Amino acid sequence: MTRIVAIGECMVELAPCPTPDTYRAGFAGDTLNTAWYLRKMLAAEHEVAYFTAVGHDDMSQRMVAFLDAAGIVTAHIQRRHDSTVGLYMISLNNGERSFSYWRGQSAARRMLDGEGALQAALAGADMAYISGITLAILPDCDRARLLHGLQVFRDSGGKVVFDPNLRPRLWPDGAAMTGAVMQAAAVSDICLPSYEDEADWFGDATPDATAQRYRDAGVGLVVVKNGPGEIMVVADGQRVTFAPEPVLDVVDTTAAGDSFNAGFLASYLDDGDLERACVAAARLAAHVISHSGALVALDAPPLVPAPVAGA
Ligand SMILES: Nc1ncnc2c1ncn2[C@@H]1O[C@H](COP(=O)(O)OP(=O)(O)OP(=O)(O)O)[C@@H](O)[C@H]1O
Ligand SMILES: [Mg+2]
(Lines give C-alpha, C1' and ligand atoms only; values in the text may rest on other atoms or scores of the structure.)
(Ligands and ions follow the chains in the order given, each with its own letter.)
Protein backbone atom coordinates (compact mmCIF):
# COMPACT_ATOMS: atom_id res chain seq x y z
CA MET A 1 0.00 0.00 0.00
CA THR A 2 1.24 3.47 -0.94
CA ARG A 3 0.11 6.66 0.81
CA ILE A 4 0.32 9.85 -1.25
CA VAL A 5 -0.31 13.35 0.10
CA ALA A 6 -0.93 16.13 -2.44
CA ILE A 7 -0.35 19.63 -1.09
CA GLY A 8 -1.91 22.73 -2.64
CA GLU A 9 -5.00 24.78 -3.33
CA CYS A 10 -8.41 23.59 -4.46
CA MET A 11 -10.66 26.38 -5.75
CA VAL A 12 -14.31 26.83 -6.57
CA GLU A 13 -14.66 26.84 -10.36
CA LEU A 14 -17.54 28.72 -11.97
CA ALA A 15 -17.95 27.54 -15.55
CA PRO A 16 -20.50 28.97 -18.03
CA CYS A 17 -23.33 26.45 -18.35
CA PRO A 18 -25.66 26.20 -20.17
CA THR A 19 -25.55 29.83 -21.38
CA PRO A 20 -22.58 32.24 -21.12
CA ASP A 21 -24.29 34.13 -18.26
CA THR A 22 -25.26 31.13 -16.15
CA TYR A 23 -22.53 29.38 -14.16
CA ARG A 24 -22.13 25.92 -12.72
CA ALA A 25 -19.99 25.57 -9.60
CA GLY A 26 -17.35 22.85 -9.42
CA PHE A 27 -14.00 22.36 -7.71
CA ALA A 28 -10.53 22.24 -9.30
CA GLY A 29 -6.89 23.20 -8.86
CA ASP A 30 -3.71 21.70 -10.30
CA THR A 31 -2.62 19.51 -7.35
CA LEU A 32 -6.23 18.59 -6.60
CA ASN A 33 -6.75 17.54 -10.23
CA THR A 34 -3.76 15.21 -9.96
CA ALA A 35 -4.97 13.82 -6.62
CA TRP A 36 -8.44 13.24 -8.12
CA TYR A 37 -7.08 11.34 -11.13
CA LEU A 38 -4.60 9.43 -8.94
CA ARG A 39 -7.50 8.26 -6.78
CA LYS A 40 -9.27 7.03 -9.94
CA MET A 41 -6.17 5.31 -11.37
CA LEU A 42 -4.77 3.62 -8.25
CA ALA A 43 -6.09 0.40 -6.76
CA ALA A 44 -8.30 0.86 -3.69
CA GLU A 45 -5.65 -0.29 -1.20
CA HIS A 46 -3.57 2.83 -1.92
CA GLU A 47 -4.39 6.10 -0.16
CA VAL A 48 -4.55 9.58 -1.70
CA ALA A 49 -4.84 12.49 0.75
CA TYR A 50 -5.08 16.23 0.17
CA PHE A 51 -3.43 18.82 2.40
CA THR A 52 -4.74 22.38 2.18
CA ALA A 53 -6.71 24.91 4.24
CA VAL A 54 -10.36 25.91 3.87
CA GLY A 55 -12.80 28.03 5.89
CA HIS A 56 -15.80 27.08 8.02
CA ASP A 57 -18.36 28.44 5.54
CA ASP A 58 -20.77 26.41 3.46
CA MET A 59 -18.66 26.46 0.26
CA SER A 60 -15.63 25.23 2.20
CA GLN A 61 -17.67 22.40 3.68
CA ARG A 62 -18.96 21.47 0.24
CA MET A 63 -15.41 21.39 -1.08
CA VAL A 64 -14.32 18.96 1.64
CA ALA A 65 -17.46 16.88 1.04
CA PHE A 66 -16.58 16.78 -2.67
CA LEU A 67 -13.08 15.49 -1.88
CA ASP A 68 -14.51 12.93 0.56
CA ALA A 69 -16.97 11.72 -2.05
CA ALA A 70 -14.09 11.30 -4.52
CA GLY A 71 -12.37 8.99 -2.02
CA ILE A 72 -9.61 11.49 -1.16
CA VAL A 73 -8.57 11.55 2.51
CA THR A 74 -9.39 14.96 4.02
CA ALA A 75 -8.40 14.30 7.63
CA HIS A 76 -5.49 16.75 7.62
CA ILE A 77 -7.21 19.68 5.89
CA GLN A 78 -6.83 22.82 8.03
CA ARG A 79 -9.98 24.83 8.87
CA ARG A 80 -9.62 28.56 9.38
CA HIS A 81 -12.09 31.02 10.88
CA ASP A 82 -10.58 34.06 9.14
CA SER A 83 -10.84 33.11 5.46
CA THR A 84 -12.53 30.98 2.83
CA VAL A 85 -11.62 29.13 -0.36
CA GLY A 86 -10.46 30.81 -3.59
CA LEU A 87 -12.65 31.15 -6.66
CA TYR A 88 -12.14 31.38 -10.41
CA MET A 89 -14.57 32.01 -13.25
CA ILE A 90 -14.22 30.82 -16.81
CA SER A 91 -15.42 33.23 -19.50
CA LEU A 92 -16.10 32.15 -23.07
CA ASN A 93 -15.66 34.67 -25.86
CA ASN A 94 -16.06 33.27 -29.37
CA GLY A 95 -14.93 29.86 -28.10
CA GLU A 96 -11.81 31.26 -26.37
CA ARG A 97 -11.60 30.58 -22.65
CA SER A 98 -10.24 33.16 -20.24
CA PHE A 99 -9.98 33.00 -16.46
CA SER A 100 -10.65 35.52 -13.66
CA TYR A 101 -9.36 34.67 -10.18
CA TRP A 102 -10.33 35.63 -6.63
CA ARG A 103 -7.73 33.76 -4.61
CA GLY A 104 -5.45 36.41 -3.10
CA GLN A 105 -6.87 35.96 0.42
CA SER A 106 -7.70 32.28 0.22
CA ALA A 107 -7.39 30.01 3.25
CA ALA A 108 -4.97 27.79 1.30
CA ARG A 109 -2.33 30.53 1.43
CA ARG A 110 -2.21 29.98 5.20
CA MET A 111 -2.13 26.17 5.12
CA LEU A 112 1.32 26.09 6.72
CA ASP A 113 0.24 28.28 9.67
CA GLY A 114 -0.78 25.41 11.92
CA GLU A 115 2.18 24.20 13.98
CA GLY A 116 2.98 20.60 13.05
CA ALA A 117 0.03 20.22 10.65
CA LEU A 118 2.20 19.34 7.64
CA GLN A 119 4.31 16.90 9.67
CA ALA A 120 1.12 15.20 10.89
CA ALA A 121 -0.17 14.93 7.31
CA LEU A 122 3.11 13.44 6.08
CA ALA A 123 3.56 11.04 9.00
CA GLY A 124 3.38 7.53 7.57
CA ALA A 125 3.11 8.78 3.96
CA ASP A 126 5.30 7.43 1.17
CA MET A 127 4.99 10.26 -1.32
CA ALA A 128 4.30 14.01 -1.24
CA TYR A 129 3.11 15.84 -4.37
CA ILE A 130 3.54 19.59 -4.84
CA SER A 131 3.54 22.05 -7.74
CA GLY A 132 4.88 25.47 -8.58
CA ILE A 133 1.44 26.81 -7.71
CA THR A 134 1.73 25.33 -4.21
CA LEU A 135 4.98 27.28 -3.88
CA ALA A 136 3.56 30.47 -5.42
CA ILE A 137 0.60 30.91 -3.08
CA LEU A 138 2.61 30.62 0.15
CA PRO A 139 4.21 33.55 1.97
CA ASP A 140 8.05 33.35 1.74
CA CYS A 141 8.49 32.06 5.30
CA ASP A 142 5.85 29.35 4.82
CA ARG A 143 7.40 28.28 1.51
CA ALA A 144 10.67 27.80 3.36
CA ARG A 145 8.81 25.78 6.03
CA LEU A 146 7.25 23.61 3.35
CA LEU A 147 10.58 22.88 1.68
CA HIS A 148 12.19 22.15 5.04
CA GLY A 149 9.28 19.82 5.93
CA LEU A 150 9.72 18.01 2.61
CA GLN A 151 13.46 17.63 3.21
CA VAL A 152 12.75 16.08 6.63
CA PHE A 153 10.17 13.81 4.97
CA ARG A 154 12.79 12.71 2.41
CA ASP A 155 15.37 12.12 5.10
CA SER A 156 12.96 9.62 6.66
CA GLY A 157 12.49 7.79 3.34
CA GLY A 158 9.61 9.69 1.72
CA LYS A 159 9.61 10.58 -1.98
CA VAL A 160 8.80 14.09 -3.20
CA VAL A 161 7.12 14.66 -6.59
CA PHE A 162 7.11 18.15 -8.11
CA ASP A 163 5.40 19.69 -11.16
CA PRO A 164 6.96 23.15 -11.65
CA ASN A 165 3.74 24.46 -13.34
CA LEU A 166 5.26 27.89 -14.00
CA ARG A 167 2.59 30.59 -13.54
CA PRO A 168 4.33 33.98 -13.66
CA ARG A 169 1.28 35.97 -12.69
CA LEU A 170 1.28 34.35 -9.25
CA TRP A 171 4.81 35.62 -8.56
CA PRO A 172 6.24 39.11 -7.95
CA ASP A 173 8.75 38.55 -10.80
CA GLY A 174 10.35 35.84 -12.92
CA ALA A 175 13.44 35.55 -10.74
CA ALA A 176 11.34 34.83 -7.62
CA MET A 177 9.54 32.08 -9.56
CA THR A 178 12.57 30.41 -11.10
CA GLY A 179 14.51 30.66 -7.80
CA ALA A 180 11.72 28.97 -5.81
CA VAL A 181 11.26 26.30 -8.47
CA MET A 182 14.92 25.30 -8.34
CA GLN A 183 14.82 25.25 -4.51
CA ALA A 184 11.90 22.84 -4.72
CA ALA A 185 13.75 20.76 -7.32
CA ALA A 186 16.56 20.38 -4.79
CA VAL A 187 14.20 18.48 -2.45
CA SER A 188 12.45 16.47 -5.19
CA ASP A 189 12.85 12.88 -6.36
CA ILE A 190 10.56 13.09 -9.39
CA CYS A 191 9.99 16.23 -11.45
CA LEU A 192 7.40 16.64 -14.25
CA PRO A 193 8.05 19.95 -16.07
CA SER A 194 6.46 21.17 -19.32
CA TYR A 195 9.05 22.04 -21.94
CA GLU A 196 7.32 25.10 -23.43
CA ASP A 197 7.09 26.85 -20.05
CA GLU A 198 10.62 25.85 -19.06
CA ALA A 199 12.06 27.12 -22.35
CA ASP A 200 10.30 30.47 -21.80
CA TRP A 201 11.52 31.00 -18.25
CA PHE A 202 14.82 29.10 -18.03
CA GLY A 203 15.93 29.50 -21.65
CA ASP A 204 16.30 25.73 -22.17
CA ALA A 205 17.17 25.12 -25.83
CA THR A 206 15.83 21.54 -25.90
CA PRO A 207 13.80 19.15 -23.69
CA ASP A 208 17.13 17.43 -22.95
CA ALA A 209 18.39 20.71 -21.50
CA THR A 210 15.31 20.90 -19.25
CA ALA A 211 15.85 17.34 -18.06
CA GLN A 212 19.55 17.96 -17.46
CA ARG A 213 18.93 21.15 -15.44
CA TYR A 214 16.62 19.27 -13.05
CA ARG A 215 18.99 16.28 -12.94
CA ASP A 216 21.81 18.67 -12.03
CA ALA A 217 19.63 19.99 -9.18
CA GLY A 218 19.53 16.43 -7.80
CA VAL A 219 16.22 15.10 -9.18
CA GLY A 220 16.44 11.34 -9.81
CA LEU A 221 13.63 11.03 -12.38
CA VAL A 222 12.63 13.84 -14.77
CA VAL A 223 9.62 13.59 -17.10
CA VAL A 224 9.49 16.42 -19.65
CA LYS A 225 6.03 16.95 -21.15
CA ASN A 226 5.70 18.79 -24.42
CA GLY A 227 2.03 19.21 -25.40
CA PRO A 228 1.44 17.04 -28.49
CA GLY A 229 5.21 16.57 -28.89
CA GLU A 230 7.52 13.84 -27.68
CA ILE A 231 7.66 13.04 -23.96
CA MET A 232 11.16 12.59 -22.56
CA VAL A 233 12.01 10.68 -19.38
CA VAL A 234 15.51 10.76 -17.92
CA ALA A 235 16.60 8.71 -14.91
CA ASP A 236 19.87 7.14 -13.75
CA GLY A 237 21.29 5.44 -16.83
CA GLN A 238 17.99 5.67 -18.72
CA ARG A 239 16.60 7.99 -21.36
CA VAL A 240 13.18 7.13 -22.76
CA THR A 241 11.24 9.08 -25.37
CA PHE A 242 7.63 8.50 -26.24
CA ALA A 243 5.43 10.12 -28.91
CA PRO A 244 1.82 10.50 -27.68
CA GLU A 245 -0.94 9.48 -30.08
CA PRO A 246 -2.22 12.60 -31.85
CA VAL A 247 -5.55 13.83 -30.46
CA LEU A 248 -7.54 14.99 -33.46
CA ASP A 249 -10.38 16.72 -31.66
CA VAL A 250 -8.90 18.65 -28.73
CA VAL A 251 -11.88 20.07 -26.83
CA ASP A 252 -10.31 21.60 -23.70
CA THR A 253 -6.68 21.26 -22.61
CA THR A 254 -7.42 22.14 -18.97
CA ALA A 255 -5.67 19.63 -16.67
CA ALA A 256 -3.71 17.98 -19.52
CA GLY A 257 -0.52 18.09 -17.46
CA ASP A 258 -2.23 17.34 -14.14
CA SER A 259 -3.92 14.21 -15.46
CA PHE A 260 -0.74 13.17 -17.28
CA ASN A 261 1.13 13.32 -13.96
CA ALA A 262 -1.48 11.12 -12.27
CA GLY A 263 -1.42 8.57 -15.08
CA PHE A 264 2.37 8.47 -15.03
CA LEU A 265 2.66 8.09 -11.24
CA ALA A 266 -0.09 5.47 -10.94
CA SER A 267 1.58 3.28 -13.56
CA TYR A 268 5.11 3.94 -12.31
CA LEU A 269 4.15 3.03 -8.74
CA ASP A 270 2.63 -0.16 -10.07
CA ASP A 271 5.67 -1.62 -11.85
CA GLY A 272 8.41 1.03 -12.20
CA ASP A 273 8.41 0.72 -16.01
CA LEU A 274 9.05 4.14 -17.57
CA GLU A 275 7.71 3.40 -21.04
CA ARG A 276 4.48 1.92 -19.73
CA ALA A 277 4.09 4.93 -17.45
CA CYS A 278 4.36 7.24 -20.50
CA VAL A 279 1.70 5.22 -22.33
CA ALA A 280 -0.67 5.38 -19.34
CA ALA A 281 -0.02 9.11 -18.82
CA ALA A 282 -0.54 10.07 -22.46
CA ARG A 283 -3.66 7.92 -22.71
CA LEU A 284 -5.24 9.57 -19.67
CA ALA A 285 -4.28 13.09 -20.81
CA ALA A 286 -5.70 12.38 -24.29
CA HIS A 287 -9.02 11.36 -22.71
CA VAL A 288 -9.08 14.49 -20.54
CA ILE A 289 -8.38 16.93 -23.39
CA SER A 290 -11.05 15.25 -25.52
CA HIS A 291 -13.66 16.43 -23.01
CA SER A 292 -14.64 19.70 -21.44
CA GLY A 293 -13.53 20.61 -17.87
CA ALA A 294 -10.66 19.73 -15.54
CA LEU A 295 -12.15 16.62 -13.92
CA VAL A 296 -13.43 14.21 -16.53
CA ALA A 297 -15.05 10.91 -15.58
CA LEU A 298 -12.89 8.08 -16.85
CA ASP A 299 -15.87 6.44 -18.49
CA ALA A 300 -17.08 9.72 -20.06
CA PRO A 301 -18.34 9.05 -23.58
CA PRO A 302 -16.45 10.59 -26.51
CA LEU A 303 -17.96 13.95 -27.45
CA VAL A 304 -17.77 13.11 -31.13
CA PRO A 305 -19.64 9.89 -31.99
CA ALA A 306 -17.61 7.27 -33.84
CA PRO A 307 -18.39 7.16 -37.57
CA VAL A 308 -20.95 4.52 -38.51
CA ALA A 309 -19.31 1.57 -40.28
CA GLY A 310 -19.95 1.69 -44.00
CA ALA A 311 -21.28 5.27 -43.89
N1 LIG B 1 -2.64 18.40 -28.62
C2 LIG B 1 -2.33 17.29 -27.96
N3 LIG B 1 -2.38 16.09 -28.56
C4 LIG B 1 -2.08 14.95 -27.89
N5 LIG B 1 -1.71 14.91 -26.60
C6 LIG B 1 -1.61 16.08 -25.96
C7 LIG B 1 -1.92 17.33 -26.57
N8 LIG B 1 -1.76 18.31 -25.66
C9 LIG B 1 -1.38 17.70 -24.52
N10 LIG B 1 -1.30 16.36 -24.69
C11 LIG B 1 -0.94 15.35 -23.68
O12 LIG B 1 -0.97 15.96 -22.42
C13 LIG B 1 0.34 15.92 -21.86
C14 LIG B 1 0.59 17.16 -21.06
O15 LIG B 1 0.43 18.28 -21.90
P16 LIG B 1 1.25 19.63 -21.72
O17 LIG B 1 2.66 19.42 -22.06
O18 LIG B 1 0.51 20.70 -22.44
O19 LIG B 1 1.16 19.78 -20.13
P20 LIG B 1 1.13 21.06 -19.22
O21 LIG B 1 1.80 22.20 -19.91
O22 LIG B 1 1.64 20.64 -17.90
O23 LIG B 1 -0.42 21.36 -19.13
P24 LIG B 1 -1.20 22.17 -18.01
O25 LIG B 1 -1.78 23.33 -18.78
O26 LIG B 1 -2.24 21.22 -17.53
O27 LIG B 1 -0.22 22.60 -16.95
C28 LIG B 1 1.28 15.72 -23.04
O29 LIG B 1 2.51 15.12 -22.65
C30 LIG B 1 0.46 14.83 -23.93
O31 LIG B 1 0.54 13.49 -23.49
MG1 LIG C 1 1.37 21.74 -16.19
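Residues numbered from 1 in each chain as written. Chains lettered and ligands numbered in written order. Predicted model: local features only at pLDDT ≥ 70, side-chain atom pairs only at ≥ 80, totals over all residues. Heavy atoms only, no water.

**Student:** Got a minute to help me understand the nonpolar core in this structure?
**Tutor:** Among soluble globular proteins, nonpolar side chains are generally buried collectively. Judged by nonpolar contacts, the single largest core of 56 residues is most densely connected at L38, Y50, I72, I231, V233 and F264. With 8 residues, the single largest contributor to this core is helix α10 (residues 274-289). Those residues in contact with I231 that sit more than four places away from it in its chain are V223, V224, V240, T241, F242, P244, F260, C278 and A282. (Core = buried A, V, L, I, M, F, W, Y, C linked by side-chain atoms within 4.5 Å. Buried < 20%, exposed > 50% of the residue type's maximum accessible area, 1.4 Å probe, protein only. Helix = DSSP H or I, 4+ residues; strand = E, 2+ residues; numbered from the N terminus. Contact = heavy atoms within 4.5 Å.)

**Student:** Looking at this model, I keep getting lost on the pairing of strand β9 (residues 127-131). Mind explaining?
**Tutor:** A regular strand places its side chains on the two faces of the sheet in alternate fashion. Of all 5 residues in β9, 5 are buried, a share of seventy percent or more. Across 3 bridges, the pairing between strand β1 (residues 3-7) and β9 is parallel. By the bridge assignment for β9, I4 is matched with M127. In this sheet, strand β10 (residues 159-163) lies alongside β9 in parallel orientation, the contact comprising 5 bridges. What sits directly across from S131, in β10, is D163. (Pairing = 2+ DSSP bridges.)

**Student:** Is there a simple way to explain the UniProt feature "domain: Carbohydrate kinase PfkB" (unreviewed entry) in the protein chain in this structure?
**Tutor:** The feature "domain: Carbohydrate kinase PfkB" (unreviewed entry), as given by UniProt, occupies residues 1-296 in the numbering adopted here. When the span residues 1-296 is considered, its composition is 39% helix and 22% strand, and the gap between its end C-alpha atoms is 26 Å. (UniProt positions renumbered as here; feature names shortened; annotations may be inferred.)

**Student:** When you look at helix α8 (residues 207-216) in this model, what are you seeing that I'm missing?
**Tutor:** Residues separated by three or four positions in an α-helix point in the same direction, a consequence of the helix having 3.6 residues per turn. All of the buried residues in α8 are T210, A211, R213 and Y214. All buried residues of α8 lie within an arc of 160 degrees about the axis, which places them on one face of the element. Within two residues after α8, G218 carries a phi angle of roughly 110 degrees, on the positive side. (Arc of directions from axis to C-beta.)

**Student:** I'm lost on the pairing of strand β7 (residues 87-93) in this one. Help?
**Tutor:** Note: strand β2 (residues 11-16) against β7, 3 bridges, orientation parallel. If you follow L14 over to β7, its bridge partner there is M89. Note: β7 against strand β8 (residues 96-102), 7 bridges, orientation antiparallel. Across the sheet, residue L92 finds its bridge partner in β8, namely R97. Between the antiparallel neighbours β7 and β8 lie 2 residues, among them N94 with a positive phi of about 50 degrees.

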